[in-house]
Amino acid sequence: TAAATERLNKNDVARFSRHLLMEEIGVTGQLKLKHCRILVVGAGGLGSPALLYLAAAGVGTLGVVDYDVVDLNNLQRQVLHSETRIGIPKVTSAAIGIAQINSACQVRTFNCALTRENALDIVQNFDIVLDASDNPATRYLINDACVLLDRPLVSGSALRMEGQLTTYHINGGPCYRCIFPAPPVATTVTNCSDGGVLGAVTGIIGVLQALEAVKIAVGLPAAFAQQLLLFDGTLGKFRSFKLRNRRPDCAVCGDQPTITRDLIDYEAFCGSAACDKTPSLKLL
Amino acid sequence: TAAATERLNKNDVARFSRHLLMEEIGVTGQLKLKHCRILVVGAGGLGSPALLYLAAAGVGTLGVVDYDVVDLNNLQRQVLHSETRIGIPKVTSAAIGIAQINSACQVRTFNCALTRENALDIVQNFDIVLDASDNPATRYLINDACVLLDRPLVSGSALRMEGQLTTYHINGGPCYRCIFPAPPVATTVTNCSDGGVLGAVTGIIGVLQALEAVKIAVGLPAAFAQQLLLFDGTLGKFRSFKLRNRRPDCAVCGDQPTITRDLIDYEAFCGSAACDKTPSLKLL
Amino acid sequence: MSLEVTLEFSGGAELLFDKIKSRVVALPVPRPDGAKWTIRAFLVWIRDNLLKERPELFLQGDTIRPGILVLVNDQDWELIGELDYELEAKDTILFISTLHGG
Amino acid sequence: MSLEVTLEFSGGAELLFDKIKSRVVALPVPRPDGAKWTIRAFLVWIRDNLLKERPELFLQGDTIRPGILVLVNDQDWELIGELDYELEAKDTILFISTLHGG
Ligand SMILES: [Zn+2]
Ligand SMILES: [Zn+2]
């Protein structure tokens with residue numbers, strides 16, 4: 001580790017002293033973080049805290065995908081943005097916010113929707129992916145891209161007072177499509193624009209996603225592999241559940257996958273658009 | 001609620017739409033947040049995310065107590081601060097960070113240690129208090145001030161990979177001193193300067209403190225009253241435990257309290273300084 | 001005689017059931033047709049006894065609709081036989097509506 | 001014969017016990033002196049059998065040191081009799097070192 005020490009510069013040693021003291025991280029772990037590239041899809045309620053904590057932790061390269069611009073109603077929970085940045089692309093705002101806390105972090109911004117056409121090109125540049133998106137079509141797309149490129153996927157979601165978290169496609173475990181082979185009928189999907197969300201609930205799930213990614217990056221066991229974490233903000237209760245194994249008949253991670261690098265039409269598959277702004281009859 | 005609606009201005013309605021959609025908050029709850037005054041003691045690893053989410057949620061008045069200045073080694077987890085604000089008082093930096101996300105939030109800064117002399121004067125201006133401090137002496141002081149002024153206290157702590165959270169002195173439940181009548185021997189206390197801490201762990205606890213305070217402010221049941229929440233970041237496990245009832249023999253909230261508005265000498269009581277920078281033999 | 005199990009809803013599924021997140025239900029035993037209380041039969045019982053309206057938000061055909069996870073005693077029902085699993089006394093069956101927001 | 005209980009440590013208390021956060025221990029019954037396995041007796045057993053060094057970081061006199069919470073079956077031991085509580089088979093006893101950092 002003498003050679004490894006030399007690769008943390010003096011500034012890093014001072015900045016990350018609270019990590020270097022920990023046997024779970026130490027110099028080796030901090031170097032792994034420095035060389036790790038993490039992609040966050042969605043710079044909203046989940047992506048904001050996740051990006052903040054990943055940047056603060058010393059992740060060397062962060063990718064941010066978002067097609068949207070900062071809106072006043074985002075500031076109730078999207079703490080990486082600011083009033084003065086209303087109207088500019090979220091990825092630009094995110095890069096500014098990240099630079100404020102850690103200017104050494106390399107930020108790659110993708111000011112676009114993640115699509116069938118660009119997903120593999122984008123994801124292949126990163127080691128770990130966080131799903132901080134807000135609709136089923138994008139969630140299936142991210143999953144399929146991660147499976148095809150063999151990247152672990154830390155997936156969070158939140159609505160109203162509740163949050164959910166699972167790490168997919170890691171250690172031989174299931175992918176999102178193993179758990180949800182068929183998409184929900186569009187009219188049963190509620191998004192935050194319709195149902196609302198308490199900001200701190202997205203914060204808790206987003207920071208948990210950052211923690212899980214940091215652990216994967218430094219080589220600690222993933223806590224949410226093949227596990228579903230539920231957070232009920234009304235009761236203040238967290239519960240964990242064991243999910244099924246990888247399904248040999250999964251369309252993307254199975255033994256004879258039907259989804260290949262051409263991917264599929266995700267909006268048609270889900271019967272809904274890859275954004276959370278489409279009005280529809282949504283009850284659940 | 002027609003009159004109530006009028007008191008949320010047009011900007012508030014746009015900004016907090018995701019709260020207004022929720023039956024748990026709505027216009028009434030948002031107005032309660034606007035009129036609520038919350039004090040956060042410590043603008044560090046716990047205070048940073050707590051203040052960010054409280055400001056974003058629309059809390060009208062935030063108080064911040066901290067005697068310290070921003071240091072490079074804070075930025076690994078104290079996401080309310082920034083590189084350009086290294087060297088300035090944390091409370092000043094916090095006020096700048098809060099203004100970025102919500103300039104309508106009134107911030108009262110106390111650039112000093114919380115002491116026996118100033119605690120009651122400061123705390124009496126607020127409705128809810130968050131303990132985001134880093135040492136036993138300050139924790140006992142905050143507790144006693146909250147009991148004497150009858151304020152609920154949302155107390156968080158974190159070290160290495162673990163976090164703890166309890167809400168004290170609420171709904172007739174126990175205070176910190178009911179649970180810990182005797183202070184720990186100073187040599188058994190480990191602080192983050194000695195033991196390190198993973199940034200996201202402080203983030204999770206700090207955001208949970210904000211969530212609990214928001215719920216108390218809007219009149220929802222406190223989730224952590226007479227409950228201890230443990231978070232083990234290594235295992236990704238949360239556990240909750242029922243704590244004891246208020247103790248009739250408690251020195252401050254008991255039936256015949258010995259601690260009154262004169263308070264006590266907390267550093268002598270704990271045998272340690274009210275900061276986390278005192279070197280000592282610390283193992284646990 | 002009855003078989004008592006705990007029925008729980010989360011993620012919004014409780015909105016279809018009077019917003020009650022957890023309840024104990026007593027299922028009559030033996031069943032009129034003498035068959036076992038499989039989850040398949042339990043879903044029919046839920047539909048007939050608890051689900052007031054819009055069953056399509058909970059069921060699709062004779063199974064649960066896509067997007068709802070079923071957990072029996074904290075385990076994915078896929079691990080224990082899905083619709084064919086036979087309920088036992090004190091089982092906890094949790095239906096979780098998956099969230100997609102961020 | 002033995003009485004099996006689960007012994008857990010959290011918050012750093014596990015550092016005094018080979019960093020093992022959870023283990024099942026078998027206590028001999030009947031005890032040599034014929035007395036019950038109270039927590040008082042259990043603390044002595046822990047000190048003699050598991051605590052390698054620096055007992056003052058765990059015990060103070062015949063009780064637990066200030067700053068460590070004791071939870072029996074997820075409840076504060078103060079609710080069930082503290083040192084006088086008599087262990088039962090399958091009890092879980094958790095010692096939590098309180099954190100002060102922020
Ligand atoms: Zn799969
Ligand atoms: Zn008390």
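Taking an unreviewed UniProt entry as the reference, chain C is identified by name as Ubiquitin-related modifier 1 homolog belonging to Capsaspora owczarzaki. Of the comments in the UniProt record for chain C, the one headed Subcellular location (unreviewed entry) reads "Cytoplasm". Within the UniProt record for chain C, the comment given under Pathway (unreviewed entry) is "tRNA modification; 5-methoxycarbonylmethyl-2-thiouridine-tRNA biosynthesis."

A. Representation of the packing of helix α5 (residues 47-57) of chain B against helix α6 (residues 90-101) of chain B in the model. Residue and element names in this part refer to chain B. Where α5 contacts α6, the axes come no closer than 9 Å and their chain directions differ by 35°. Here α5 and α6 pass one another in a crossing that is right-handed. Judged by residue contacts, L51, L52, A55 and A56 of α5 engage A94, I98 and I101 from α6. Of the residues in the contact of α5 with α6, the class split is seven nonpolar, no polar and no charged.

B. Broad picture of the relation of the copies chain A and chain B. With an RMSD of 0.0 Å, the fit of chain A onto chain B corresponds to turning through 180° and sliding 0.0 Å along the axis. Accordingly, the operation relating the two chain copies is best matched by a two-fold axis. Comparing interface residues between copies, 100% of those in chain A also sit at the interface in chain B, which points to an isologous, same-surface contact.

C. Representation of the state of the cysteines within the structure. All names here are of chain A. Overall, the coordinates contain zero disulfides over all chains when judged by the stated rule. Free of any disulfide, C105 has its nearest neighbouring cysteine sulfur in C36, separated by 11 Å. The class for C105 is buried, based on a relative accessible area of 8%.

D. Just the arrangement of the chains, in detail. The structure contains five pairs of chains in contact, of which chains A and B account for the largest number of contacts. The two partners chain C and chain D share no contact, and the minimum distance between any of their C-alpha atoms is 19 Å.

E. Representation of helix α11 (residues 199-218) of chain A. Residues and elements named next belong to chain A. With 20 residues, α11 extends 29 Å between its outermost C-alpha atoms, agreeing within 8% with the 28 Å of an ideal straight helix rising 1.5 Å per residue. The buried fraction of α11 is high, at 20 of 20 residues. Residue G219 follows α11 closely and has a positive phi angle near 95°.

The rules behind these values
- Counting of residues starts from 1 at the beginning of each chain's written sequence and follows it residue by residue.
- As they are written, the chains are lettered A onward and the ligands numbered 1 onward, keeping that order.
- Local features are withheld for residues below a pLDDT of 70 in this predicted model, meaning they are given only at 70 or higher, and side-chain atom pairs are given and counted only at 80 or more; totals for whole chains, interfaces and linings count all residues.
- Calculated side-chain values reflect all of the structure's heavy atoms, with hydrogen atoms and water omitted.
- UniProt positions are given in the numbering used here, feature names are shortened, and annotations may be inferred rather than shown by experiment.
- To get an axis, a line is fitted to the C-alpha atoms, and for a helix only the part in contact is used. The angle between two axes follows their N-to-C directions and goes from 0 to 180 degrees.
- Segments assigned H or I by DSSP are reported as helices when at least four residues long, segments assigned E as strands when at least two residues long, and all are numbered from the N terminus.
- When the near helix sits turned anticlockwise from the far one by under a right angle, the crossing is termed left-handed; a clockwise turn instead gives a right-handed crossing.
- The contact criterion used throughout is that any non-hydrogen atoms of two residues lie within 4.5 Å.
- As a working rule, the residues Ala, Val, Leu, Ile, Met, Phe, Trp, Tyr, Cys and Pro are called nonpolar, Asp, Glu, Lys and Arg charged, and the rest polar, with Gly in that last group.
- To line up the copies, we fit them by least squares on C-alpha atoms, keeping just the residues with pLDDT of at least 70 in both.
- Counting rule for disulfides: a pair of cysteine sulfur atoms within 2.5 Å.
- In this scheme, a residue with accessible area under 20% of its type's maximum is buried, one over 50% is exposed, and one in between is partly exposed, where area comes from a 1.4 Å probe on protein chains only.
- Helix span, as expected, comes to 1.5 Å for every residue beyond the first.

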